[in-house]
Every structure is written in structure tokens, then in C-alpha cells.
Amino acid sequence: MNKARVAVIGNGIIGETHIQNYKAINDCEIVAICDINEERLNYIGDKYDIKKRFTHIGKMLLEDDIDAVDVCLHNNLHAPVTNAVLNSGRHAYCEKPMAGAYADALSMYETAQKAGKKLHIQLALLYEDATKAAKTYIDKGYLGKLYHVRSTGFRRRGRPFVDGYATKEFVNSHTASHGALFDMGVYRMSQLLYLTGLPKLERVVGKVYQEVEVDEKRKIESGFDVEELGTGYAVYEKNMTLDVIESWAIHMGHLGQSMIAGDRGGLMFDPLSYHTLREDMQVDEKIDLGAMNYRNHTVHPENSLCDSSQQHWVNALLGRCELLPTAKIALETSLLQEGIFLSSNLGRELTADEVRSMTKSTAIEVPNIAL
């Protein structure tokens, strides 16, 4: 292929952002868009000069000039639509989180394997300079044996819709399944699981909350019934542990930084820094990510194939690089997330096998797939 020919399903806030990103990539062509809102569909089509427009997913998938499809829908729509794309013989890109339930994420992963097609999940932090630098430090052994990881995400009051931005579909379990842990926590948890080599989950315990005052009218209008704060603690193979706290709303000034601790050194994120001992002296190092980025685009240009999720996706479609295992990373993240919610509901610790046995699909039937 000279160009990756992409279609985008879902033309809302996220879908338009994806379209803008694709438009900035020379080797990518948006050949079709699809949305059930015809007014929005035509607005986006006119704004970005996209001729082929569909309100029916199944009809769009009959087109023969589509190489890959980008699914930008709400969480509980991801599995049925992505599976339809994969079964149509196209590669699939899906927004985060992978799905609203581990059962649905697993169905997507298995469908991609069976169809022999690429499945890519939007995990934006994997392409940040901090992640690239951290991976180099870990791979070179500067941290030694990894034993504890912390995933921290903070918003003082930033719940979708009820706090004033985005749509109500982000905050009700029918369309979103869950809240802060799935909407934002997925970024940091997936980043840390990737950096630690996707260790095998053994057991997990957690608790989720919805406690901060909220505009009652917006709460009723949206059906807001998902968590604004999620907390969890997980044990992985080789005695590695992970704790997580992710907030959409909390009465705090900050929650600290994400971090990875090893027996030889540790990393703290935002900003990235390295901490170790040398000759019995405590050493704290700042990492010049700007200089690293410059060299990655001059001296080591092969590293620029992973500048962003969509650029990496297009390069992988064109055979220029191997696709990062984002589907596997997102699947393992989904297992952790689901374990936290099930533990919160049951009030006890769960093994990974228990989580796998208890997971249930939250997917919504999509009527405009079948012909």
C-alpha cells in the first residue's frame, strides 16, 4: 500500500480528533465516515472534505476501498462494532478502554486472532517521550528487579457532563459501563503494565466511590451512576505489586505521581526522574526528554515511527514497523479494572481466575450493523 485507507465510525468529540490526526499524516487517506447522527455526519464530512458518508455500519463495510476502520464509540459499543470490522476482513483501531467489560475485551482479542487482522487500542501514553525513556532505563537494567508500581491520576472536579463538558454517555453504565478508572485510569495502568513487561495478575482488591456533591439536575438527566474515584491493589507474579488511585472528583490538591520501584533504582513520572544510590549516596536525576526527542528525529529517525498512536498505526499498516501489542496490553488492563470493580461489589479480594470466571458482557446491541 502507498497509503493507508481508513474509515472512521463515530464522529463526535473523539472521532473528530482522530480525523484531525489522520489528516496530518501524509500516508493516510480517510475514505469514509459513519455516524447515526446524519447532521453531525454531514458537518464532519463537509468540514474535512470526506465524500463517502454512511449512517449504517454494515453498508459501509461493503465498500472495497477500506483497509482499516477506526471505532470511536462509547465503551459498551466497542466489542460488537470492532468484531464486525474484524470479521469483514479489515484491520481495527478502537478507542480506549478496550471495552466496558473484560468478557467483551477478550472477545475482541480472540476475534482479531481468529481473523488474522491487526487490532490496535488507543493507549496514548505509550508514545510519550517519558514512556520511551522509562522503557530504555528498565530494559538496560537501571531499575533492577521491579517490585512495586503506583498508578495515579487526578482531577479535582472533572466528571464528564455533570461537571460541564462532554456528553452524558460518558457517565452512565448503560453506555460507558464504568467511570474514572476506565475513562482515564486506563492510560496510566496500561502504560505501567507495558513498562513492567505485562506481568501475570494473581489477585486484586479494590473499592470505587461516588461521593462528591453533584448538580442534581445533570445527574438525573445523565443517569450518572459510575465511579468518580477508583482505588485498587493488585499482586502480580514474582511478588510485584501495583496500587492505583484514579479520580474524576475528589477534595484534594493533588494525589502525587505514578512511579515504578526497583531494587537498583526507581522512576517517577510527570516529570520523569530517576532515583538511585551511588557509592552510598542518594542520587536524583532529571532526564532531558526534549534532547532525546530531537535525537530520535535526527540521529535515530526509526524511533519517530511511534510518535503517536495513529501515526504508529498507519506505519504498522504500511509495514514499516511491528504494531505494539496494544490489544494484549489493553486486555490485561481490562482484567485489572474488572477485578477492582468486582472486588468492590463483593467486598473481598479476588484471584485473577475468579475475575475471568465472573466477568459478564456489557455490550449493547448495535442495530445498524446487520444488513
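In this report, we go over the structure that sits alongside the text. (Residues numbered from 1 in each chain as written. Predicted model: local features only at pLDDT ≥ 70, side-chain atom pairs only at ≥ 80, totals over all residues. Heavy atoms only, no water.)

What about the packing of helix α4 (residues 78-87) against helix α5 (residues 102-115)?
Then, number 1: Running from N to C, α4 and α5 cross one another at 0°; their axes reach a closest spacing of 9 Å. Of the possible angle classes, the one that applies to α4 and α5 is roughly parallel. Across the interface between the two elements, His78, Ala79, Thr82, Asn83, Leu86 and Asn87 from α4 touch Asp104, Ser107, Met108, Thr111, Ala112 and Ala115 from α5.
Then, number 2: Its residues assigned to classes, the contact of α4 with α5 comprises five nonpolar, six polar and one charged. (Axes fitted to C-alpha atoms, helices over the stretch in contact; angles between N-to-C directions. Helix = DSSP H or I, 4+ residues; strand = E, 2+ residues; numbered from the N terminus. Parallel < 35°, antiparallel > 145°, perpendicular 65-115°, else oblique. Contact = heavy atoms within 4.5 Å. Nonpolar A, V, L, I, M, F, W, Y, C, P; charged D, E, K, R; others polar.)

Things to note about the packing of aromatic side chains
Then, number 1: Counted according to the given criterion, the structure contains five aromatic pairs.
Then, number 2: Consider the rings of Tyr142 and Tyr274, whose centres lie 6.3 Å apart with planes at 70°: the pair is edge-to-face. Within this pair, whereas Tyr142 is found in the loop between α6 (129-139) and β7 (146-153), its partner Tyr274 is found in strand β13 (residues 273-278), the two being separated by 132 residues in sequence.
Then, number 3: On the basis of relative accessible area, Tyr274 is assigned to the buried category, the value being 4%.
Then, number 4: Relative to Phe341, the ring of Phe182 lies with its centre 5.6 Å away and its plane at 65°, an arrangement referred to as edge-to-face. Taken as a pair, Phe182 in helix α7 (residues 180-195) and Phe341 in helix α11 (residues 326-346) lie far apart in primary sequence, 159 residues in all. Note on accessibility: Phe182 and Phe341 belong to one class, buried.
Then, number 5: Three or more aromatic residues joined by ring pairs form one cluster here, namely Tyr137, Tyr142 and Tyr274.
Then, number 6: Just above the ring of Phe161 sits the side chain of Arg218; from NZ or CZ to the centre is 4.5 Å.
Then, number 7: In this arrangement the basic side chain of Lys328 is found over the ring face of Tyr109, its NZ or CZ atom lying 5.8 Å from the centre. (Phe/Tyr/Trp six-rings, centres within 6.5 Å; stacked < 30°, edge-to-face > 60°. Buried < 20%, exposed > 50% of the residue type's maximum accessible area, 1.4 Å probe, protein only. Lys NZ or Arg CZ within 6 Å of the ring centre and 35° of its normal.)

Observations regarding the sheet that holds strand β9 (residues 229-236)
Backbone hydrogen bonds are what pair the strands of a sheet, in a parallel or an antiparallel way.
Then, number 1: Read across the open sheet, the nine strands follow the order β14-β13-β12-β11-β7-β10-β9-β8-β15; overall the sheet is mixed. On the outer flanks of this sheet lie β14 (281-286) and β15 (350-351), each paired with one strand and no other.
Then, number 2: The pairing of β7 with strand β11 (residues 259-262) spans four bridges and is classified as antiparallel. The residue of β11 that forms the bridge with His148 is Ala261.
Then, number 3: Across the sheet, α7 is in contact with β7, β8 (201-209), β9, β10 (241-247) and β11; its angle to β10 comes to roughly 150°.
Then, number 4: Those strands touched by α11 are β8, β9, β10 and β15, and its axis lies near 60° from that of β8. (Pairing = 2+ DSSP bridges.)

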